[in-house]
Amino acid sequence: MSSENSSADDARRVWDVVVVGAGPAGASAAYAAAVAGRRVLLLEKAELPRYKTCGGGIIGPSRDALPPGFELPFRDRVHAVTFSHNGRFGRTRRSRHMLFGLVNRPEFDQQLVEHAQKAGAELRTGVTVTRVEQHGAAVPDRRTVAVVLQDGEPVLARAVVGADGSASRIGAHVGVKLDQVDLGLEAEIPVPETVAEDWKGRVLIDWGPMPGSYGWVFPKGDTLTVGVISARGEGAATKRYLEDFVGRLGLAGFEPSISSGHLTRCRADDSPLSRGRVLVCGDAAGLLEPWTREGISFALRSGRLAGEWAVRISEAHDAVDTRRQALNYAFAVKAGLGVEMSVGRRMLAAFERRPGIFHATLTGFRPAWRAFKDITQGSTTLGELVRSHPMAQRALTVLDRRPAPAPEPGGEVSS
């Protein structure tokens, strides 16, 4: 066989980009690389569609990051938010325009994967990746990465994107470091039509009893998604909070169709986003908003960036060029999502100390509600808000200070 034929044969065996994980981050990465005309393989260990513990709120930045022509499978459109503080001091704020939409994750994720497939990506489900090798017997040259499957089969690629969730094996290969881990518990509760009607178009956000905790009710037609989140290590208290929360809502008599739990993980500031020809994005990179733990918009945006830079890495001919492209990817992530995360960390630290102040401000101070609307509707982000509004900068600076704990809030907002 001539060397030319041999080279062509090798090219058929090596994917330009292999993406591990078919959630929002992975599907976005696969779509971005496939749209650029590259040979893309998307690997997923589950069979699709599959359930994911997640409120399913699609805020403005998520909508802006979706592929062209993507029709969101909304189960409800939110125009009102009821805020409460550990079940008390409830107050509802309303908006003429939709704040955000609610989706069921199995449908949403499936649709994202289908868009990646239409763009040219190939999907393989029921496939578990055990490790990634960038050197060794499975790797034919320095421009190639081997993604090794559970049965020992090596899948070869010029670039790899790890989007395999918060317990990521690709993240472990890259050396992702985490500095915040939280436990989310959630129940999908089917309810009668009369109950569903009461919640239509309205969500509840309840600031919880443990520092940094909160609960939510998201209506999705005939089902309410009810969940709570708090720092890991408070498992029993978090479970108790969910039980009390469901009881207070008058929903204890309804049997959940699904009860689940999930750990969310935020990256440390100095955590790497790449190693050689391997990039990580979404939960695998620890990319989510630290205060609300909102992860879908971070997954979609970082996934798209990872797909675009994986294309560049697949074209890199040496380690220097590969390193340059990986650094560009890290810069792009940190310049946008990283700024939002740093503001989110400050917000979480202040919220942990003074949840009552947050509740009173959101329910009683019009500019704070307007900021909430602007962020959820997508006209700004947390980072942009603080950067461009002197009042927001001053407020965050005041919140950064560490006053002595104040008494629980009393009648500062009407019920």
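Because the structure is predicted, anything quoted here is derived from the model rather than measured.

Reading the values: the criteria
- Residues numbered from 1 in each chain as written.
- Predicted model: local features only at pLDDT ≥ 70, side-chain atom pairs only at ≥ 80, totals over all residues.
- Heavy atoms only, no water.
- Helix = DSSP H or I, 4+ residues; strand = E, 2+ residues; numbered from the N terminus.
- Rg over C-alpha atoms; globule rule 2.2 N^0.38 Å.
- Buried < 20%, exposed > 50% of the residue type's maximum accessible area, 1.4 Å probe, protein only.
- Contact = heavy atoms within 4.5 Å.
- Lys, Arg positive; Asp, Glu negative; His and termini not counted.
- Charge placed at Lys NZ, Arg CZ, Asp CG, Glu CD.
- Phe/Tyr/Trp six-rings, centres within 6.5 Å; stacked < 30°, edge-to-face > 60°.
- Lys NZ or Arg CZ within 6 Å of the ring centre and 35° of its normal.
- Salt bridge = Lys/Arg side-chain N within 4 Å of Asp/Glu carboxyl O.
- Core = buried A, V, L, I, M, F, W, Y, C linked by side-chain atoms within 4.5 Å.
- pLDDT = per-residue confidence, 0-100.
- Axes fitted to C-alpha atoms, helices over the stretch in contact; angles between N-to-C directions.
- Left-handed = near helix turned anticlockwise from the far one by under 90°.
- Nonpolar A, V, L, I, M, F, W, Y, C, P; charged D, E, K, R; others polar.
- Pairing = 2+ DSSP bridges.
- Polar contact = N/O pair within 3.5 Å; in protein donor to acceptor, adjacent residues only side chain to side chain.

*Asks:* Is there a simple way to explain the overall build of the chain in this structure?
*Replies:* Scanning the chain from N- to C-terminus turns up 13 helices and 18 strands. Taking 22 Å as the expected radius of gyration for a compact globule of 415 residues, we find that the chain reaches 22 Å, a close match to that expectation. Along the first, second and third principal axes, the C-alpha atoms of the chain reach 85 × 45 × 40 Å. Looking at the 415 residues of the chain, the share that counts as buried comes to 54%. In the chain, the share of contacts with a sequence separation of at least 24, taken over all contacts with a separation of at least 6, comes to 74%. Each charge sign in the chain was given a centre, from 53 positive and 47 negative side chains, and these centres are 6 Å apart.

*Asks:* Can you walk me through the packing of aromatic side chains in this structure?
*Replies:* Any pair of aromatic rings gets described here by the distance separating the centres and the angle formed by the planes. All chains considered together, the criterion is met by 14 aromatic pairs. Arranged with centres 6.1 Å apart and planes meeting at 10 degrees, the rings of tryptophan 207 and tryptophan 291 form a pair that is stacked. With tryptophan 207 in strand E13 (residues 202-207) and tryptophan 291 in the loop between strand E18 (278-280) and helix H8 (296-315), the pair connects residues that are 84 residues apart, well separated along the chain. Taken individually, tryptophan 207 and tryptophan 291 each receive the classification buried, so the pair is uniform in this respect. A cation sits over an aromatic face here: arginine 202 above tryptophan 199, 4.3 Å from the ring centre. The ring of tryptophan 309 is capped by arginine 312, whose NZ or CZ atom sits 4.4 Å from the centre of that ring.

*Asks:* I keep staring at the pattern of salt bridges and nothing clicks. Help me out?
*Replies:* Where charged atoms from two side chains of opposite charge approach closely, those side chains can pair. Considering all chains together, one arrives at 15 salt bridges under this definition. Among the ionic pairs, arginine 105 bridges to aspartate 109, the shortest N-O distance being 2.9 Å. Pair noted here: arginine 105 and aspartate 109 are both in helix H4 (residues 105-118), with a separation of four residues, about one helical turn. For arginine 105, a relative accessible area of 7% translates into the label buried. Arginine 324 is the partner of aspartate 321 in a salt bridge, and the nearest nitrogen-oxygen pair spans 3.1 Å. Highlighted residues: aspartate 321 and arginine 324, both in helix H9 (residues 319-353), separated by three residues, approximately one helical turn. Given a relative accessible area of 18%, aspartate 321 falls into the buried group. According to the relative accessible area criterion, arginine 324 is partly exposed, its value standing at 45%.

*Asks:* Honestly, the nonpolar core in this entry has me stumped. Any pointers?
*Replies:* Nonpolar side chains tend toward joint burial in soluble globular proteins. Judged by nonpolar contacts, the single largest core of 71 residues is most densely connected at Val18, Phe108, Val147 and Tyr329. In terms of residues, this core owes the most to one element, H8, which gives ten residues. Residues in contact with tyrosine 329, not counting those within four places in the same chain, are Leu273, Leu279, Val280, Cys281, Ser302, Leu305, Ala306 and Trp309. In this structure, Val203, Val343, Ala350 and Phe358 belong to the second largest nonpolar core, which totals 26 residues.

*Asks:* Looking at this model, I keep getting lost on unusual backbone geometry. Mind explaining?
*Replies:* The bulk of non-glycine residues show a negative phi, and the bulk of peptide bonds are trans. Between leucine 48 and proline 49 the backbone carries a cis peptide bond, its omega angle lying at -5 degrees. With phi around 50 degrees, asparagine 86 is a residue other than glycine that occupies positive phi space. On the secondary structure map, asparagine 86 appears in the loop between strand E5 (80-85) and strand E6 (88-94). Within the chain, arginine 293 stands out as a residue other than glycine whose phi angle is a positive 60 degrees. Tracing the chain through its elements places arginine 293 in the loop between E18 and H8. For arginine 293, a relative accessible area of 9% translates into the label buried.

*Asks:* Would you mind showing me how to read the confidence of the model for the chain here?
*Replies:* Low pLDDT means the predicted coordinates in that region are not meant to be read closely. When the pLDDT values of the chain are averaged, the result is 91; 92% of them are 70 or greater. This model gives residues 1-12 a pLDDT under 50, and the stretch forms three contacts once residues within four places in sequence are excluded. Long-range and interchain partners of residues 404-415, a stretch whose pLDDT sits below 50, account for 17 contacts in this model, where long-range means more than four residues apart.

*Asks:* Mind showing me how you'd approach the packing of helix H2 (residues 24-35) against H8 here?
*Replies:* Viewed as axis vectors pointing N to C, H2 and H8 meet at an angle of 35 degrees, and their least axial separation amounts to 7 Å. As H2 runs across H8, the sense of the crossing is right-handed. In this structure, H2 contributes Pro24, Ala25, Ser28, Ala29, Ala32 and Ala33 to the contact, and H8 contributes Ala299, Leu300, Gly303, Arg304, Gly307, Glu308 and Val311. Split into classes, the residues belonging to the contact of H2 with H8 amount to eight nonpolar, three polar and two charged.

*Asks:* Can you walk me through the pairing of E6 in this structure?
*Replies:* Each regular strand shows side chains that alternate between the opposite faces of the sheet. Where E5 meets E6, five bridges bridge the pair, whose relative direction is antiparallel. Counterpart to phenylalanine 83 in the pairing with E6 is arginine 91. The loop that links E5 with its antiparallel partner E6 comprises two residues; one of these, asparagine 86, has a positive phi angle of about 50 degrees.

*Asks:* I'm lost on the side chain of arginine 293 in this one. Help?
*Replies:* Polar side-chain contacts of arginine 293 include one of 3.2 Å to the side chain of aspartate 182. Once you skip the residues sitting within four places of it in the chain, arginine 293 turns out to touch Gln180, Asp182, Gly212, Tyr214, Ile229, Ser230, Ala231, Thr264, Leu288 and Leu348.

*Asks:* When you look at the sheet that holds strand E4 (residues 76-78) in this model, what are you seeing that I'm missing?
*Replies:* To summarise the sheet geometry, strands pair through backbone hydrogen bonds and adopt either a parallel or an antiparallel arrangement. Here three strands make up an open sheet; going across it, the order is E3-E7-E4 and the pairing antiparallel. Strands at the two margins of the open sheet, each flanked by one partner only, are strand E3 (57-58) and E4. With three bridges connecting them, E4 and strand E7 (residues 100-102) associate as antiparallel partners. Bridging across to E7, valine 78 finds its partner in phenylalanine 100.

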